[in-house]
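Summary of the model geometry
Letter by letter, the chains look like this.
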Amino acid sequence: MLLHHNHCQGKTSFTDLRTVNGEVCETYQRVCERLGLLQGDVEYINALEEASHTKMSPQLRRLFVMILIFCNPEEPRVLFERFWDTWKDDYERKALAMNVELDEQQLKSLILQDIELNLAAHDKTLAEYRLPNVTIEDLRRVQHMTTIQPTAIREELDFDVVQLQEEAEQLARELTNDQRDIFNCVITSVQQRSDLRVFIDARGGCGKTYLLNTILKSVRSMSEQGEICLAMASTGIAANLLHMGRTYHSRLKAPLTPKDDSTLNIPVQSNLAKVVQKARLLIIDEATMMDSYMLSAIDRSLRDIMNTKEKPFGGKIVILAGDFRQCLPVIKNATQDTISQRCINTNNLWATFTIKRLSTNMRVNANQNPNLHAFDRWTLDIGNSIQSQVKIPENMIAIKITSETLAMHRLIDMVFPNINANISNPEWLKGRAVLAVTNRQVNALNTIAMQKLNSLAVKLESTDKCTDPRHELRFNPEYLHTLTPDGFPPHTLMLKPGVPLILLRNLNPKQGLCNGTKLIFNGLISNRVLECTVVETQEKVLIPRITFVPLPETWPEDWQRIQFPVKIAFAFTINKSQGQTMQTVGLFLRPEVFTHGQLYVAISRVGSPEHLKIALIDDYVNNIVFKDVLI
C-alpha cells in the first residue's frame, strides 16, 4: 500500500491512507478490499459496479441472482442495498407508461419480487440469502404492476394470455393431419380432465417441436387467468426450443444420477408441489435420452404429490417425445446391454403409453426435389440400421483425411467461409457448426477457427486453488491450471467479438440460460462480466465468473476454479447437437462414431445433402445401432 504524504505539513494524513482511486474508504478493511488484498465480496462489488453502466436493469438483476447462486458472496444484503437503485429503470418506464408513480419502497418491492422469481428457478428463497422479505402488504401496494400469486406459481404463469391465444390459433391452423390428430387427442383429454399418456415418435424435421409448442400455447391460454403446463426436455438446448421450457432436472428437481428407488426432490407441502398439482399437463422432449430410473422416479413422486397411488403419474396427462434412433441415456462405463435395459421403453410404465407417430418430414415435403427425398430415405435407413457399414455418397464427402490438422482447417473454411467478413452477422452464424465425436477434436477445431479471425482476442484466465491451504504446495495453481474436468471451462479462455459460445451451467433456466444454450460473445463489461446474446432469442445477457468444484470422487483433493461458464462453440460434439436443426453442418469423422445413434444424429441435423460436408478417411463408416431399443 502506498502512503500519500501531505507535503505542506510534512506529515501523513490518515484520510490519505484511506483513499483509494479518489474514494475515501470508511475502514482500513475496505481499503484492503479495494486494493484486492482481501477477497471478501470485492469481486462481486466490482462486477456489479462495472456492469451497472450498461443500464440493462433486468439483466443486472439476473446477474445479481447468478452471483448469489454460484458465487456464495459473504454479504448478499450489503450487495443488494448498495446496488438495487441501479436495477429499477425498466419498472420506472413501465410506471410512466401506466401514468402511475412509484415510491422507493414500491420499487424495492418490485425488484425483490423479480429476484425472488429468478431464485425460485434454483429452488432458493430471499431468506436464504438474508435479503429483505416481501410482505403481503408490500405486494398489495404494487399489485397494479404485478401479480401477488406465490412465486412458484407466478413463474409458470409469466405470459400474456391474450397474446398466447393468438399465437396458438395461428400455429394450430398450420398443423398437418398427423399433427392435428395428436393435438386434438391431447386437447380433448385436457378439457375432459381425463388420463392420457402419449409418446410422440418423431424424427428430425417432422414438426415435433412445432406441435409441442402449439399444444403448450393452446393449453396455457385456455382460461383468462392462464393455465400451468410444465414444458421440459432432457437437455438445455432442447428445452430452449419449447415455450417456457426447462430441463426436467431443473423444473422437477430430479436427481442427476437416478437409482432404481429415486424420487424427485419435491416435498408434498412445498409450493412446487402445488405447481405440479395445478399443471394441466407435463411434456418432456428428447425423452429417449431419459434413464428408465428417472421415469420411475417421476411416476413415484407424482403419485405421492397427487395423492393418487393407483394411477400412473398420479393421473396426470404426460406427453413424452423423441426418437429412439437418436442418442440414448448417457450412463458412465455402461455396456450396450446396460444402456438398452435403462431405456424408457423397457420400463413397465411404457405399456401405459399410446404411441403416436409423425412420419412426414416437413423439410422434405415442402420441396418436390427427388434428391431431398432420397437423402431423407438414406438418413432413415441409417437410423434403422439397414447396414452396419454405411457408404457415404461422393457428393457428401468434402475431405479425405490424410493430415488431421489440414483436414480441420479445410472443414472450418467450408462451414465458415469468409469468416472475418461474416462473423459480425449472427444470422449467418446461427445455423452453422462442425460436429465431432470427441472433445479432443472439438477443442482442436475451435482453436483453428479462432486462429482464422483477425480481431484481437481477450485473454481470460481462471483462478484455481485448493480448498484446503495445507495442500497448496502439493497441488499448486500452476498444476491446477492444466486440469479441465468434464463440464469445466478451460483455465484460459481466448475470446473475440462475434464468437459463438456454449453455456456450461444452468445459470437461469427461466431465462433460457441452461447448460447447452448457445450464445454470441459481444464483449467484456469488465474482466468479471461478459455481455453475450442468446442465439435463439437474440436477448442480451450478462455472464459473471462463477465457482466450479469437481465431483468429490473424481479428484484426490478438493479444489475449485473461478472462471466464466462458457466454451467456444464453432464446433461441438455430436451428442450436444441432438434436438437442433441446422443450415450447414461439417462432420469430422476421425475417430468414427462409437455408440448408438451418433451417425444418424449428425447426418439428420440438416435436410439437404448440399448442406452436409463430411471429412473422413474411407468411403465407408461404422453405423452403430442398438436394434433392441427401436420401436
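Here, every reference points to the structure presented above.
First things first, this report covers the structure right here in the doc. Predicted, not measured: the structure shown is a model, and the values here were computed from it.

Here we come to unusual backbone geometry. Phi is mostly negative for residues that are not glycine, and the peptide bonds are mostly trans. Put simply, arginine 590 and proline 591 share a cis peptide bond, and its omega is 0°. Its location among the elements puts proline 591 in the loop between strand E25 (584-588) and helix H26 (598-603). In this model, asparagine 99 sits at a positive phi of 60°, which is unusual for a non-glycine residue. Relative to the assigned elements, asparagine 99 resides in the loop between helix H6 (89-97) and helix H7 (104-120).

Among the structural elements, lysine 253 can be located in the loop between helix H14 (248-251) and helix H15 (271-278). For lysine 253, a relative accessible area of 14% gives the class buried. At 3.1 Å, the side chain of lysine 253 and the backbone oxygen of serine 250 are in polar contact.

Under the criterion given, the structure shown has five cavities of 30 Å³ or more. Estimates place the volume of the largest cavity at around 90 Å³. Around the largest cavity, the lining comprises twelve residues; the ones closest to its centre are Gly204, Asn361, Asp376, Thr379 and Ser604. Listing elements by their share of the lining of the largest cavity, those giving two or more residues are helix H18 (362-365) and helix H19 (370-383). If one sorts the elements of the lining of the largest cavity by residue count, H19 sits on top with three residues. Across the lining of the largest cavity, the residue classes break down as four nonpolar, five polar and three charged. Roughly 60 Å³ of volume is contained in the second largest cavity.

Each value, and the rule that gives it
- Residues numbered from 1 in each chain as written.
- Predicted model: local features only at pLDDT ≥ 70, side-chain atom pairs only at ≥ 80, totals over all residues.
- Heavy atoms only, no water.
- Helix = DSSP H or I, 4+ residues; strand = E, 2+ residues; numbered from the N terminus.
- Buried < 20%, exposed > 50% of the residue type's maximum accessible area, 1.4 Å probe, protein only.
- Polar contact = N/O pair within 3.5 Å; in protein donor to acceptor, adjacent residues only side chain to side chain.
- 1 Å grid on protein atoms, 1.4 Å probe; cavity = no way out; pocket = protein on both sides within 12 Å on 5 of 7 lines; lining within 4 Å.
- Points joined across faces, edges and corners; volume = space filled by probe spheres on them.
- Nonpolar A, V, L, I, M, F, W, Y, C, P; charged D, E, K, R; others polar.

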